[in-house]
Each structure stands twice: as C-alpha cells, then as structure tokens.
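# Structural description and commentary
As a plain string of letters, each chain reads:
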Amino acid sequence: MSFSLSAVPKFRLSRPDWLASPKVFRTEVLAGLVVALALIPEAISFSIIAGVDPAIGLFASFTMAVVISVVGGRKAMISAATGAIALVIAPLNHEYGLGHLIAAVILGGLMQIALGAVGVAKLMRFVPRSVMVGFVNALAILIFLAQVPELRNVPWAVYPLVIGGLVLMVLFPRLTKAVPAPLVSIVILTLITIGAGLAVPTVGDKGELPSSLPVPGLPEVPLTLETLTVIAPYSLAFALVGLMESLMTAKLVDDITDTHSNKTRESIGQGIANVVTGFFGGMGGCAMIGQTMINVKTSGARTRLSTFLAGMFLLVLVVVFGPVVSDIPMAALVAVMILVSAATFDWHSVRPGTLKRMPLGETVVMAATVAVVVITHNLAIGVIVGCVTAMVIFAKRVAHLAEVSGVVDPDGNQVVYAVTGELFFASSNDLVYQFDYKDDPDDVVIDLTDAHIWDASSVAALDAIETKYAQRGKKVTIIGLNKPSAEMHTKLAGQLTAGH
C-alpha cells in the first residue's frame, strides 16, 4: 500500500478578521473602550437590583464579555450582567444569600449548555417578524425609560450636558469617523465637568468601584439535595431568560450586519460564560442589547476583538483607573444611551403608511409584544406573549381556509364531498357540520386530495362524520389522502373515542 503526503488533510490557522486592516483594528479597539465605559454604570445598577455588591456585577460583566468573545457564536455581540437576569435571581439572593445566588448561576449555565446541545436555538425559526420588530421597539423604549431617572431631581447643569452630548454625537461623524462619536462625547463632557467644577451626578455616585482582581472559588453553600431544590427553579428561569434575550439579540445583529451566526454555539457559549462567571463570584448575565447596539451600530464593530476588549477595558478601568472613571458625568452616558435608543427603534414600522398596508394581525402582535415588555420590563415575557398572540391569529386565519363542497351524481346514488385546505384543531371543529347526513345518498365519498391532515383533532372529526353517516346506514369512503395524512389517519382512525 502506497502512502502519499497529499492525502493528509492540511490544517491552516485563519488570520483573525480584526487584523484585516489597521482601520478595522482601530475601530474594534475604540468600540471596546466605548462599550466598557457604558457597561460600568449599568453593571452597578443591576447589582443594586440583585441586592449584591457592585463588584459582583462588574466582575460578571468582565468574565461574560471575555469568555463569550471566544466561545460565542455571534461576533461583536456584548454579553454582561443584565437587568433581566438581576430580576430573576434577586429573590434568591434576598432570601438565601450570595452563596445560593452564585450556585444558581453555575447551575443555570450548565442548563444553558444542555439546552444549547439539544438544539433549543432552532426554536428561533418560530419567532415571527412582527414579534422581532416589537422586541426591538420595546427594547428601544426600555433603554430610553432607563435614562429618565437620571434626568429627574438633578442639578440644572445635567440638561445642557445631555443636550451637548447628543449634538456632539450627531455632528462629530460629519468631521471624521476615525474615532467613535460616543467616546469623544464622553471625554469632552468629562473635561468640561471637571474643568468647570460642575456638581453633577457621576459614575462614582452609583457605587464604589472594586480595587482588586476577581478570584475564582466555589460558592459557599452546602452540597445537598435541599440546596439543589432551592436553586433549581431560579436556575431554569435564569437559563431560559438568558438564552431568549441572547438569541433574539443575536438575530437582531444578524439583520443589522447582514451576516449569519451560529445560534447553537451561542447558546452553549452563554452557558460556558455563565459557569465561568459563577466560579469567579459574578452574578451571571446574557447578551446586552443596548451595549451591543453601541458596539455594532454606533461604533461599527464587527469582530470578536471588540467584545473581548470591552471586558478587558472594563476590568482595567474599574481596578486601575477607578478614580478617573468615577469622575465621568452620568449625563455623558445618558446622552449615549438616548442616541442608542433612537437608533434602535424601528421608526419605519410605526409610520402611518406602513401601518395602513400592514395586516391588522401583524400590527396587533407587534403592539402586544411592545406593551408586555414595557409593562413587565421583561423582554422574555414579551416575546412569549407576542409569539402566542401570533399563533392564535394565524390559527384563526388558517381555520377559515378549510372548505367543503358536495356534488351528487346524476343518478343520485353517490355524493362526493371535496375538502380543501389545512385540517387541524381550529379548522376541523366546524368540519362535522358541513355534511348533509339526513338527505345524502347511501354512498358518500370524501375527497381529501386538496387537503392535509395535521393533527388528531382532524382524524377525530372524520371519525365523527363516519359515525353520523353509519347511524343512518350510510357508507363513507375517504380518498385522496397524501402520504403523511394517510399515515396519521391509518394510525389514529377509530382509536380516539371511548370503546375502541
């Protein structure tokens, strides 16, 4: 047997896409810095919601961003500590303490890995476009509403600073796009605040920044069945909410960048990132839509480097440059998030011309998604309600597509009913009442050539029709079944009522 070197597979390490050009590298580095600055107050705020020390949220944002940049499936997406996750685990922390919270984060991460491995990401195909639009619009509203408290009961100087920041970010890109406008705005407003000695709220007012690096360790909880029973429900909710927000955000970034991402890898990556975060004492997290929009849409990042650097810059900023970062006025970050909110909202979806052309059901689904998200402040609940609403509207619409028309032979000995449409639980309910059992001849043919049987309800309806005719001594013959319909009918016919 001869052996040829040409038969040996050749493996080549591909060059990182962030090294494609100096411009790409610069964009990724600056984008990571802007995101890191925007992450600090958010992480501190979410820590307060969860009832933990600000360091817990900041370290979670660091580990989530760094790990997901390597193992995630969506390039340039930012994962960190989030409000949705904070709301899920807050009750556990308040009742049982930080140890149980950390244990729940680790277990939730393992659940996400398992869910990702079994293909939960494939469920994204069942999210209608109207729900996606509602998700985006609701998110934009939530981002804006989150800034409102920063504009209440504050010194008058905050308002011109916010307006000035918005003007800077709108006009600066006309001069150059070499440096992200949000970064320029943050730097200039910080210098103005310090130089003029303005007494306005700063990042430091949100909470004390950590001065040391996170240290890995195990959660301080008893390794018992009782502990598992306590944390399991929270971990499952944590896993589901985190995956849903992450996958929805990944899909949004796919649309913005016109690229495809590996949702299964993203699901597993989120789990790995949360397990690592838990072992480093973090509160866990998922994809952050606001910071992702800053990274992708505002700063123009497209690679994993920006996500990695967002986490690394965050750690350096809070640990090494904490005193400097503490002096950043909240007005600068509020201006950035307001601009992100405006850029995220799908204004085309609410234009009168669009609403006039759009089917009423689609508009209702979008509105329901937005309303539930804004009311509950939970994107996952809003998406679920939107999907359920879309399914109900779709079922109602399709139910009316099933039609029955009967033709009696000239000799009057046989009647042929042609059934057209999709037969499922909604459409088959009225099927039984569309036949003339009393006056039809003894030979009845039901032609299903142009129909399809989808569920047991349809088979049960056909059984009921046959039974009604049989009670009058009449014979029913069903013809025209396609292969899937024939297999379901053969398997279930006569087996769905008592006595069989």
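Among the 11 residues of strand 5 (residues 443–453), 8 are classified as buried, and the element is accordingly described as predominantly covered. As paired elements, strand 4 (residues 414–423) and strand 5 share 9 bridges and run parallel to each other. In the sheet register, Ala-418 faces strand 5, and the bridge partner there is Asp-447. The pairing of strand 5 with strand 6 (residues 475–479) spans 5 bridges and is classified as parallel. Bridge pairing links Asp-443 to Lys-475 in strand 6. Considered for its hand, the β-α-β crossover made up of strand 5, helix 17 (residues 456–470) and strand 6 is right-handed.

For helix 16 (residues 379–399), which comprises 21 residues, the first-to-last C-alpha distance of 30 Å matches the rise-based estimate of 30 Å (1.5 Å per residue) to within 8%. All of the buried residues along helix 16 are Leu-379, Ala-380, Gly-382, Val-383, Gly-386, Cys-387, Thr-389, Ala-390, Ala-395, Val-398 and Ala-399.

Once that is clear, we can look at the side chain of Thr-202. By the secondary structure assignment, Thr-202 is in the loop between helix 7 (181–196) and helix 8 (225–257). Taking relative accessible area as the criterion, Thr-202 reaches 15% and is therefore assigned buried. Sequence-distant contacts of Thr-202, that is, excluding residues within four places in its chain, are made with Ser-326, Asp-327, Ile-328, Pro-329 and Met-330.

The next subject is the packing of aromatic side chains. As enumerated under the stated definition, the model contains 6 aromatic pairs in all. On the numbers, 4.5 Å between centres and 45° between planes, the contact of Phe-345 with Trp-347 is tilted. Joined through ring pairs, the aromatic side chains of Tyr-417, Phe-435, Tyr-437 and Tyr-469 make up one cluster. Taking the ring centre of Tyr-437 as reference, the NZ or CZ of Lys-468 above it sits at 5.9 Å.

It is worth spelling out the environment of Lys-356 at this point. Following the sequence through the fold, Lys-356 ends up in helix 14 (residues 352–357). In this structure Lys-356 comes out as exposed when scored by relative accessible area, which is 75%. Taking the C-alpha atoms as reference, Lys-356 lies 28 Å from Ala-426; in sequence the two are 70 residues apart.

Procedures and definitions
- Residues numbered from 1 in each chain as written.
- Predicted model: local features only at pLDDT ≥ 70, side-chain atom pairs only at ≥ 80, totals over all residues.
- Heavy atoms only, no water.
- Buried < 20%, exposed > 50% of the residue type's maximum accessible area, 1.4 Å probe, protein only.
- Helix = DSSP H or I, 4+ residues; strand = E, 2+ residues; numbered from the N terminus.
- Pairing = 2+ DSSP bridges.
- Right-handed = clockwise from strand over helix to strand, strands pointing away.
- Expected span 1.5 Å × (residues − 1).
- Contact = heavy atoms within 4.5 Å.
- Phe/Tyr/Trp six-rings, centres within 6.5 Å; stacked < 30°, edge-to-face > 60°.
- Lys NZ or Arg CZ within 6 Å of the ring centre and 35° of its normal.

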